[in-house]
Amino acid sequence: MAMVYDDVSWVDFDKLENFMTDVFKSVGVPEEDAKICANVLIAADKRGIDTHRIGRLKPIYIDRINDGIQKPVTNFEIVRETPTTAVVDGHDGMGHVIGYKSMKMAIEKAKKYGMGMVVVRNSTHYGIAGYYGLMASEQDMIGITGTNARPSVAPTWGVEPMLGTNPLTFVMPTDEEFPFFADFATPVSQRGKIEMYDRAGKEVPEGWVVGKDGKSKTNPKEILKLILAGEASLVPLGGIGEENGGYKGYDYATVVEILSAALQQGAFLKALSGFDKDGNKRPYRLGHFFIAIGINAFTEPEKFKKTTGQILRELRNSEKMPGAERIWTAGEKEYETWLERKDKGAPLNKKLREQIIELRDKYNLNYKFDFEKG
């Protein structure tokens, strides 16, 4: 979720999205694909999912294209298909484009047959998983998606990074102003949030990361290096061991790993590290899955939305614990962040402002930002 920075400048969403589109184009991404990539990123900015927004433009996408481990032009190949399913090979192209086309295909299948599922191999980071669930929700469907990722999470009772942060995401339409939007990773926290703490110069809370020595780590800069070196791991939802249900987060992460690798016969676990045996960078070859469920195959969409909305309202209106301000349901905080940001734009701290200027100057883009004044 959104994080409070000490030093913030606000940038208009449209301007920032256009800027990101032009940066993607500058490294060889075709214009229509660049628009998709930028739209996925700006969706995170708008909803306060600050782990997956503009801060990932340079290090996750542009740098990887420049390193030759991600292809700017996406070869979206359907290698197997039935009326309700498909297997796609992304050939190390742009994950956002692969994700968009895959969910669009699942939605079209669900319109005809009630359900559609598309699985992907050889892809790259696809941004916020919830973006693809929203695509289905906006078509009166239930959207489900997940992806594996480079190893950073230890299994319960382990200290070796084996699983990715592996989000399992559900988005469902309601009769309210916002959908039910459950988009989160399966460890206690994810690498993107560690990066966000690093940019903000803040310590990571105790219990999020465990070192090979079994002790909790809190220095974000150290953590990012240790995870990359395999000397520290994120902790599954529920925490270390089994006492607080750590095995549940571990098992859900494993479900995502299987659905992101076994059906499409893609890479998994340590094969997703991004390095070969000699330590050279290589494509990540991630896997995804996308499921669209047509509500009208089961009931009238308006009835579904009303029931779903009523469930959420009753949960929010239930008795609060002493001292608690309120009870939220999934998607509510993202909607409130959008209401707060829609007239102000995206908040950028000093490090993000520097990255934007660096990209602008490197690719000779004609942009002037308000934060440069004075």
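Residues numbered from 1 in each chain as written. Predicted model: local features only at pLDDT ≥ 70, side-chain atom pairs only at ≥ 80, totals over all residues. Heavy atoms only, no water.

- The protein carries the name Ldh family oxidoreductase in an unreviewed UniProt entry, which gives Geotoga petraea as its organism.
- In its Sequence similarities (unreviewed entry) section, the UniProt record describing the protein reads: "Belongs to the LDH2/MDH2 oxidoreductase family." (UniProt positions renumbered as here; feature names shortened; annotations may be inferred.)

1. Re the packing of aromatic side chains
Turning to step 1, where the next piece is worked out: A complete count under the given rule lists 12 aromatic pairs for this structure.
Turning to step 2, where the next piece is worked out: Considering the side-chain rings of Phe-13 and Trp-338, the 6.1 Å spacing of their centres and the 35° angle between planes classify their relative orientation as tilted. With a gap of 325 residues between them, Phe-13 in helix H1 (residues 13-26) and Trp-338 in helix H10 (residues 332-341) connect regions that are remote in the sequence.
Turning to step 3, where the next piece is worked out: Of the residues examined, Phe-13 reaches a relative accessible area of 6% and is grouped as buried.
Turning to step 4, where the next piece is worked out: Overall, the relative accessible area of 30% leaves Trp-338 in the partly exposed class.
Turning to step 5, where the next piece is worked out: Among the aromatic residues, ring-to-ring pairing joins Phe-19, Tyr-367, Phe-369 and Phe-371 into one connected group.
Turning to step 6, where the next piece is worked out: The ring of Trp-328 has Lys-333 lying over it, and the distance from NZ or CZ to the ring centre is 4.4 Å. (Phe/Tyr/Trp six-rings, centres within 6.5 Å; stacked < 30°, edge-to-face > 60°. Helix = DSSP H or I, 4+ residues; strand = E, 2+ residues; numbered from the N terminus. Buried < 20%, exposed > 50% of the residue type's maximum accessible area, 1.4 Å probe, protein only. Lys NZ or Arg CZ within 6 Å of the ring centre and 35° of its normal.)

2. Description of the sheet that holds strand E6 (residues 168-172)
Turning to step 1, where the next piece is worked out: As summarised here, the arrangement of the 7 strands in space is E2-E3-E4-E10-E5-E6-E7, forming an open sheet in which the pairing is mixed. This sheet does not close on itself; its edge strands, each paired only once, are strand E2 (77-81) and strand E7 (180-182). Across the sheet, the mean angle from the axis of one strand to that of its neighbour is 15°, orientation sign disregarded.
Turning to step 2, where the next piece is worked out: Both strand E4 (residues 115-123) and strand E10 (residues 286-294) contribute to a ladder of 7 bridges, which runs antiparallel. Note that in E10 the partner of Val-120 across the bridge is His-288. (Pairing = 2+ DSSP bridges. Axes fitted to C-alpha atoms, helices over the stretch in contact; angles between N-to-C directions.)

3. Regarding the packing of helix H2 (residues 31-47) against helix H4 (residues 95-113)
Turning to step 1, where the next piece is worked out: The N-to-C vectors of H2 and H4 enclose an angle of 90°; their axes lie 8 Å apart at closest approach. It follows that H2 is roughly perpendicular to H4 by the angle criterion. Residues Asp-33, Ile-36, Cys-37 and Val-40 of H2 form the contact with H4, whose participating residues are His-96, Val-97 and Tyr-100.
Turning to step 2, where the next piece is worked out: Here the residues of the contact of H2 with H4 are counted per class, giving 5 nonpolar, 1 polar and 1 charged. (Parallel < 35°, antiparallel > 145°, perpendicular 65-115°, else oblique. Contact = heavy atoms within 4.5 Å. Nonpolar A, V, L, I, M, F, W, Y, C, P; charged D, E, K, R; others polar.)

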